[in-house]
Amino acid sequence: MKIKLLSFVLLFTLVNAVLAQNFPNKPSGNTGPATILATYIDLKTNKPVEYVTVSLIRVADSTIVNGTTTTKKGEIKLENIAFGAYKLKASFIGYKTLQSQVFVLSPKELVVDLGILKLTPNEKNLKAVEVTGEKADFTNQLDKKTYNVGKNITNIGGSATDILQNIPSVNVDIDGKISLRGSENVTILIDGKPSTLTGANRQAILQQLPANAISEVEVITNPSAKYDADGMAGIINIKTKKDKLKGFNANTQATVGTNDKYSFNIGLNNRTSKYNLFGNYSYRHERRDNNGNGEQFNRFVGNNYSFKNSSNGYNLNDFHTGRVGIDYYINNYNTVSFSTGISSNVSGKPDFINFDYFDSVGTQFANFKRNNYSIDDNLTLDATVDYKRSARKNKSELTASASINSNARNANEDYKNSTAVSFEIPSQRNKNTATFTNFIAQIDYVLPLKNGKIETGAKTTTRIIDNNQQGFRYNFGNNEYWQDTLISNHFIYNEMVNAGYVTFASRFKKFDYQLGVRTEITNIEGNSKTTNTIFTNNYFNFFPSGFIKYALAKNQDLQLGYSRRINRPGFESLNPFVDYSDSVNLRQGNPKIQPEYIHSVELNYQTQIKKLNLSATLYYRYTDNMIARLRTVDPKTGQSIMSFYNFNSAENTGVEVIIRYSFVKWGNVMLSGNWYKNVVNGGNVQSDLQSEITTWNTRLTYNLPLPKAFYFQANGMYMAPMRFAQSTISGMNGLDIGVRKDFMAGKLQCGLNLSDVFDIRQFNIRQDGDNFTYDGMRKRESRILTFSLTYRFGSNENPFTKKKPASAPVENIDMGF
């Protein structure tokens, strides 16, 4: 770890020193589609003023949302700003603070040029004034909900998974699987881009990403035609922290937790007028214990018996993640960016399982033991190139990007079993090598109109997965392993999706509306090298979307939206290979399943009454060809096998409510609740596969500022029981608390947090089949005490170049990924 960290810091320093010889200072950006231009000059001399600190203030809540400093020509450029009403506030030693007039960014005003702003010299040379601001922890926009998690205390030292489990309507199960409004078919993006990692590997990358690196989480439950159509429940976009101001800045954090957990990360950034150089490195070491038990009753003709199982184990992970990149500003209208990253994860998972078998009268007749141990080594490399051009005349914007992401996985698994039952495998060893490669290229164009805008674009995505699993069994005669072709499988999956879209947005009186359509051509090929089987699936689809928003009154809106989406089966659900990693409970893919299609409708009401914010959403989702898991038991062997099928349909109806209230002296609270009903029709597979589930969940987050720069936060959650076609999951609840102390005006922070205070989070399930009943429990270590130290340094001053005149200090910023 020390060698990797030292190499990263030396690389960043060397590149930065070389670049600093050629390029001075440049403004920064924030998130959104609009751009702001302005020039600051001296009122008396009419000469440009350099190093003026300029803050962008949102009028609605007086929050600083972005900032920069002027160039040698006195110019600023703030890019990627969200729509809304703003004003600029400029301050510099020797001048009076200047605030601009209020201006509005809208679809028809994507680029606002404020022209020349004159600074008045302050003859009394007043001292600089520090400007500070706080982001709202929740905002509700036309197409998404955004949660500000940059200062979340209870997730200090955690990962992206820990962040997501505190987001309204998002659930995280014991294995780290993510679901949105009750559906696991959700697309997860990082900074707007997908990853090669899916399934269990997706959970791994979320565990790799430290919570300290995340600034916001966007939840898009009804995406427009601009977004990829994949993902039944919608999109979760995890936005990592970005620098806001020029100069050299850095952020470091170290954490230590109970039961062998610790982490360290560092982020560095240097911004000048011609480039922005950034880099980061993170290391996490974590051990998580787990245990479980279960009991199954098998009812066969003339042969009724049962078994009990228990398991104990742990996961031990070491994560390394690093990234470097540069933004090069050709001029005020053209920017090109390049970044590359590398991440690795080595995990060890020992697991010890015991099975006891009983006859119909409860007499034990057999015992079966299984010791599993797996080592999983993942290495991911990625590179991205972006280009952005803004036209000053018609205010249009062209963006293009290309990225490649490759993951190599090597896993070794050993299964050592006793010899008590007929279907056991005495001893087995699996070697798995897999590569996951993604290539994405896209181009987007935005053209502002008099009363709206047109957006159009094209995208191509290629995904290649090469999974080679070799299975070996132990020969007690010669004490050697031999390869068994029955448990070996080489499967190659190729998927190409070519897409194009167009959307039109406009406003008429009190109505805002958007219409769009997306087309996608999908080509899929699966090749089982082991069985010499090749299958293909090609289809062409249209995905329309439409949204309309009506302003009922000031700070009171009503919105209706519709979209059609698709959920394609993944390579694991298509692979016909039988997975024997658990010789009692087998798993197998189904190459015959088809994609499912989703129609989604949402009606949203939102209002703000003084310090109360309310958002209420009624939603309905209809799914054709629902992809579902089905478990059956073989009456001859007692083995169960889980596979995938297309059910007729599914319907999801629900209500989501989010309330935020700010007290005068006692902080703020955010309460969210989600009630929904799922109706599943699987009568085409089995006549009795009909289910109806009604459940709900709620979350409460409370933030309390205390005297002497102390801050307290508590997160509580409750998830009601859920029933599916073949199983019922019991309810779950938990409470997380945290406290933070700021020193040195917030540059140094100490944090202490405790997750699952009462240690009660666990997974309980009951499954009922035609000839079996199973009750099981699994628990993953959840009560963890973590202590952290965070230190930020750098105040718009580059240590690698000649010292410049000081400017007024500005808000503290977070530097991370």
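For every chain, the first residue of its written sequence is number 1, and the numbers climb from 1 along that sequence. Only residues with pLDDT of at least 70 are given local features in this predicted model, and only at 80 or more are side-chain atom pairs given and counted; all residues enter the totals for whole chains, interfaces and linings. Hydrogen atoms and water are omitted, and side-chain values are computed over all heavy atoms in the structure.

K.L.:
Help me understand the sheet that holds strand β8 (residues 111-119), please; the structure alone is not making it clear to me.
P.N.:
Strand order in the open sheet formed by three strands is β4-β1-β8, and the pairing between neighbours is mixed. Unpaired on one side and paired on the other, β4 (75-81) and β8 mark the two borders of the sheet. If you compare each strand with its neighbour and ignore which way they point, the axes differ by 15 degrees on average. Here a strand pair is declared whenever DSSP counts at least two bridges between the two strands. The helix and strand labels rest on DSSP assignments: H or I over at least four residues marks a helix, E over at least two residues marks a strand, and numbering proceeds from the N terminus. As defined by bridge partners, strand β1 (residues 34-42) adjoins β4 across five bridges and the pair is classed as antiparallel. Each bridged residue has a counterpart across the sheet, and for Ala38 the counterpart in β4 is Ile76. Interaxial angles span 0 to 180 degrees and are taken between N-to-C directions of axes, which are lines fitted to C-alpha atoms, for helices over the stretch in contact.

K.L.:
Help me understand the confidence of the model for the chain in this model?
P.N.:
In low-pLDDT segments, the atomic positions of the prediction should not be examined closely. On average, residues of the chain score 82 in pLDDT, and 87% of them reach the 70 mark or higher. Under a pLDDT of 50 for its full length, residues 196-200 has, in the predicted model, twelve contacts with residues more than four places off or in other chains. As a per-residue measure, pLDDT tells how confident the predictor is, with possible values from 0 to 100. For this analysis, residues touch if any pair of their heavy atoms sits within 4.5 Å. The model gives residues 796-817 a pLDDT under 50, and that stretch makes 77 contacts with residues more than four places away or in other chains.

K.L.:
Is there a simple way to think about the packing of aromatic side chains in this case?
P.N.:
Between two aromatic rings, the relevant description is the distance of the centres plus the angle of the planes. Any pair of Phe, Tyr and Trp rings, taking the six-membered ring for Trp, is counted once the centres come within 6.5 Å. Such a pair is stacked with planes under 30 degrees apart, edge-to-face with planes over 60 apart, and tilted for the rest. Following the criterion strictly, the structure yields 19 aromatic pairs and no others. With 6.3 Å between their ring centres and 55 degrees between their planes, Phe300 and Tyr305 make a pair best called tilted. The two residues Phe300 and Tyr305 agree in class, both being buried. Each residue in the set Phe300, Tyr305, Phe307, Phe355, Tyr357, Phe365 and Phe368 is aromatic and connected to the rest through ring pairs, giving one cluster. Positioned over the ring face of Tyr314 is Arg287, at 3.9 Å from the centre of the ring. Here's how the labels work: a residue is buried when its accessible area is under 20% of the maximum for its type, exposed when over 50%, partly exposed in between, all with a 1.4 Å probe on protein chains only. Whether a charge lies above a ring is judged from NZ of Lys or CZ of Arg, which has to be within 6 Å of the ring centre and within 35 degrees of the ring normal.

K.L.:
In this structure, what is going on with the pattern of salt bridges? I would like to understand it.
P.N.:
Should their charged atoms come close, side chains of opposite charge can pair. One side-chain nitrogen of Lys or Arg within 4 Å of one carboxyl oxygen of Asp or Glu is enough to make a salt bridge. For the structure on display, the rule yields 29 salt bridges. Measuring nitrogen to oxygen at the nearest pair gives 2.8 Å for the salt bridge that ties Asp228 to Lys459. Here Asp228 is found in the loop between β14 (214-220) and β15 (234-240), whereas its partner Lys459 is found in strand β24 (residues 452-475), with 231 residues between them in sequence. According to the relative accessible area criterion, Lys459 is buried, its value standing at 14%. Among the ionic pairs, Glu286 bridges to Arg288, the shortest N-O distance being 3.6 Å. Just as Glu286 is buried, Arg288 falls in that class too. Sharing partners across several salt bridges, the network here consists of Asp228, Asp230, Lys459, Arg518, Glu520 and Arg568.

K.L.:
Can you help me understand the side chain of Asp414 in this one?
P.N.:
Its location among the elements puts Asp414 in strand β22 (residues 397-417). Any N or O atom pair separated by 3.5 Å or less is treated as a polar contact, with the protein-specific requirement of one donor-capable and one acceptor-capable atom, and with residues adjacent in sequence counted only for side-chain atom pairs. Here the side chain of Asp414 touches Arg429 through a polar contact of 2.6 Å, side chain to side chain. Apart from residues lying up to four places away in sequence, Asp414 is in contact with Asn371, Asn372, Tyr373, Gln428, Arg429 and Tyr481.

K.L.:
What should I look at first to understand the pairing of strand β39 (residues 710-719) in this one?
P.N.:
For a regular strand, the rule is simple: side chains alternate between the two faces of the sheet. Examined bridge by bridge, strand β38 (residues 690-706) and β39 share ten bridges and lie antiparallel to one another. In the sheet register, Leu700 faces β39, and the bridge partner there is Gly716. Hairpin connection between β38 and β39: a loop of three residues separates the two successive antiparallel strands, and Lys708 in this loop has a positive phi of roughly 60 degrees.

K.L.:
Whenever I open this one, the sheet that holds β14 confuses me. Can you help?
P.N.:
What links the strands of a sheet is backbone hydrogen bonding, and the strands pair in either a parallel or an antiparallel sense. Pairing within the open sheet is mixed, and its five strands lie in the order β9-β10-β14-β15-β13. On the outer flanks of this sheet lie β9 (138-140) and β13 (186-190), each paired with one strand and no other. Adjacent strand axes in the sheet meet at a mean angle of 15 degrees when their direction is disregarded. Here four bridges tie strand β10 (residues 145-148) to β14, and the two strands are oriented antiparallel to one another. Within β14, the residue paired with Asn148 across the bridge is Glu216.

K.L.:
Got a minute to help me understand unusual backbone geometry in this structure?
P.N.:
The bulk of non-glycine residues show a negative phi, and the bulk of peptide bonds are trans. The backbone of Asp260 sits at a positive phi, close to 65 degrees, despite the residue not being glycine. Relative to the helices and strands, Asp260 is located in the loop between β16 (247-257) and β17 (261-271). The class for Asp260 is partly exposed, based on a relative accessible area of 36%. The phi dihedral of Asn555 is positive, around 60 degrees, even though this residue is not glycine. For Asn555, a relative accessible area of 42% translates into the label partly exposed.

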